[in-house]
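Summary of the model geometry
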Amino acid sequence: MLNCTRIELKVPCTKPFRILLAGDTHLIHVDEQDDLRKQELAVRRVRDFGPAEEVQAYWDETIRYANENCNLFLHAGDLIDFVSHKNCAVMKESLASIRIPLLMAAGNHEFSQYVGEAKEDDAYKAQSFEQIQSAARNHLDFASLQLNGINFIAIDNSYYLFKKRHLLQLKDECKKGFPIILLLHNPLFSEGLHDLSRQIRKQPCTYLCGVPDEYLIAYPPARREQQTPDEPTLEMLDFLRAEPLIKGIFAGHLHYQITSTCTRDIPQIVTGGNYNGAVTELFIRNPE
Ligand SMILES: [Fe+2]
């Protein structure tokens, strides 16, 4: 059974509607086309996510629930745990079975070959980008979808970084004048989320995008290097802080449901691990 968190969110829109937000499904399928190393990886990952069939059952139930009850399906990334023939086939087939408008953001695992075996950077992503892109229904680097007067925009920040091109594309989207909800994989840093995340996860780093130096200093060196924002990322965060059209941020990556506020009191809603049946249902209403 799904573990559904229901949230009402007030955003200027032309009519009330319902969104199913899921993320971190982490499908772990392999078949005989994959090498032995990949098959062993799939066995190991059962410890983290449960048997492949159970993860699949939660994903099937998520799609069924959204098709029957919601007007928009958003996936915040990590639909698959690693690149495999069967994961790609299931991704393509299951996304095709979603009968309501769909927007998906890429997660770091979408492009993961053997999970944690290599530095995840642009060159690493490029090894599998075309293969995964061919299983998706929107562009995985940047995509937008307008529904009921709101512009939903998915941007790949799954390696904790935004690109220069993302800011240019977002500025173009702002010219359309619609209120914007961003769909990301990695949540954005805020003091509140950082504190909550430290309390919940009790780990020396928080896996957020845009963590300031004063917090990063205490991170283990590899995590500090991974999660330090670069110049284009800081520019994007400055822009988001100043742009009044940004009305909400939806994300995943943390594997637990948590709602907080970012700069200017923008709500940031992080959906839990869908591999466990977690989903978030959002009731979008016009502010009074
Ligand atoms: Fe994940």
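For the structure itself, look to the data block above.
So, here is what we can say about the structure in this document. Owing to the predicted nature of the structure, the values given are computational and were not obtained by experimental measurement.

**Re the packing of aromatic side chains**
One pass over the full model with this rule turns up 5 aromatic pairs. Look at F17 and F152: their rings are 6.3 Å apart centre to centre, the planes differ by 85°, and that puts the pair in the edge-to-face class. With F17 in strand β2 (residues 17-22) and F152 in strand β6 (residues 150-155), the pair connects residues that are 135 residues apart, well separated along the chain. Of the residues examined, F17 reaches a relative accessible area of 3% and is grouped as buried. A relative accessible area of 1% places F152 in the buried class. Look at W59 and F73: their rings are 5.8 Å apart centre to centre, the planes differ by 85°, and that puts the pair in the edge-to-face class. Taken as a pair, W59 in helix α2 (residues 52-69) and F73 in strand β3 (residues 72-75) lie far apart in primary sequence, 14 residues in all. Like W59, the residue F73 is buried in the burial classification. In this arrangement the basic side chain of K38 is found over the ring face of Y114, its NZ or CZ atom lying 4.2 Å from the centre.

**A few points about the coordination of the iron ion**
Looking at the iron ion, the protein donor atoms are D24 (OD), H26 (NE2), D78 (OD) and H255 (NE2), and they sit 2.0 to 2.3 Å from it. Between the 4 donor atoms coordinating the iron ion, the angles at the centre fall across 88 to 178°, so the site counts as irregular. Counting the intervening residues between successive donors of the iron ion yields the motif D-x1-H-x51-D-x176-H. Note that H26 is positioned in the loop between β2 and α1 (36-49) and D78 in the loop between β3 and α3 (85-96), a separation of 52 residues in sequence.

**Quick notes on the sheet that holds β2**
The strand order across the open sheet formed by 5 strands is β1-β11-β2-β3-β4, and the pairing between neighbours is mixed. Across the chains shown, the open sheet's two edge strands, defined by having one partner strand only, are β1 (3-10) and β4 (102-104). Neighbour-to-neighbour, the strand axes of this sheet turn through a mean angle of 20°, independent of strand direction. Bridging between β2 and β3 involves 4 bridges; their strand directions are parallel. Bridge pairing in β3 places A22 opposite H75.

**Section: the sheet that holds strand β8 (residues 246-251)**
One open sheet holds the 6 strands; their spatial order is β5-β6-β7-β8-β10-β9, and the pairing between them is mixed. Lying at the two open borders of the sheet, with one neighbouring strand each, are β5 (142-147) and β9 (258-261). For this sheet the average axis-to-axis angle between neighbouring strands, irrespective of direction, equals 20°. The sheet contact formed by strand β7 (residues 180-183) and β8 spans 4 bridges and is parallel. Opposite I180, over in β8, you have I246 as the bridge partner.

**Digging into the pairing of β7**
Covered by surrounding structure in β7 are I180 and L182 together with I181 and L183, the residues of both alternating faces. In this sheet, β7 lies alongside β6 in parallel orientation, the contact comprising 4 bridges. Directly across from I153, in β7, lies its bridge partner L182. Handedness of the β-α-β unit built from β6, helix α6 (residues 164-174) and β7 comes out right-handed.

**Overview of helix α10 (residues 231-242)**
With 12 residues, α10 extends 17 Å from end C-alpha to end C-alpha; this agrees with the ideal 16 Å at 1.5 Å per step. When we look at burial in α10, the residues that qualify are P232, T233, M236, L237, F239 and L240. Buried residues of α10, seen end-on, are gathered within an arc of 160° and therefore sit on one face of the element. Those residues of α10 that are exposed and angled more than 90 degrees off the buried face are E231 and A242. The secondary structure elements touched by the buried residues of α10 are β6, α6, β7 and β8.

**Quick word on the nonpolar core**
Core analysis: the largest hydrophobic core is formed by 39 residues, its most contacted members being L20, F73, M91, L95, I132 and L140. For this core, the secondary structure elements donating two or more residues are β2, α1, α2, α3, β4 and α5 (129-133). It is α2 that provides the largest number of residues to this core, a total of 6 residues. Formed by 24 residues, the second largest nonpolar core is a distinct cluster that contains I19, L74, I150 and L183.

**Digging into the pairing of β2**
The buried fraction of β2 amounts to 5 of the 6 residues, a majority that puts the element mostly inside the structure. Relative to strand β11 (residues 278-285), β2 runs antiparallel, the two sharing 5 bridges. Bridge pairing links F17 to I284 in β11.

Reading guide: rules and limits
- Residues numbered from 1 in each chain as written.
- Predicted model: local features only at pLDDT ≥ 70, side-chain atom pairs only at ≥ 80, totals over all residues.
- Heavy atoms only, no water.
- Phe/Tyr/Trp six-rings, centres within 6.5 Å; stacked < 30°, edge-to-face > 60°.
- Helix = DSSP H or I, 4+ residues; strand = E, 2+ residues; numbered from the N terminus.
- Buried < 20%, exposed > 50% of the residue type's maximum accessible area, 1.4 Å probe, protein only.
- Lys NZ or Arg CZ within 6 Å of the ring centre and 35° of its normal.
- Donors = N, O, S within 2.8 Å, 3.2 Å for Na, K, Ca; no water.
- Tetrahedral: all angles 85-135°; square planar, octahedral: opposite > 155°, others 65-115°.
- Pairing = 2+ DSSP bridges.
- Axes fitted to C-alpha atoms, helices over the stretch in contact; angles between N-to-C directions.
- Right-handed = clockwise from strand over helix to strand, strands pointing away.
- Expected span 1.5 Å × (residues − 1).
- Arc of directions from axis to C-beta.
- Contact = heavy atoms within 4.5 Å.
- Core = buried A, V, L, I, M, F, W, Y, C linked by side-chain atoms within 4.5 Å.

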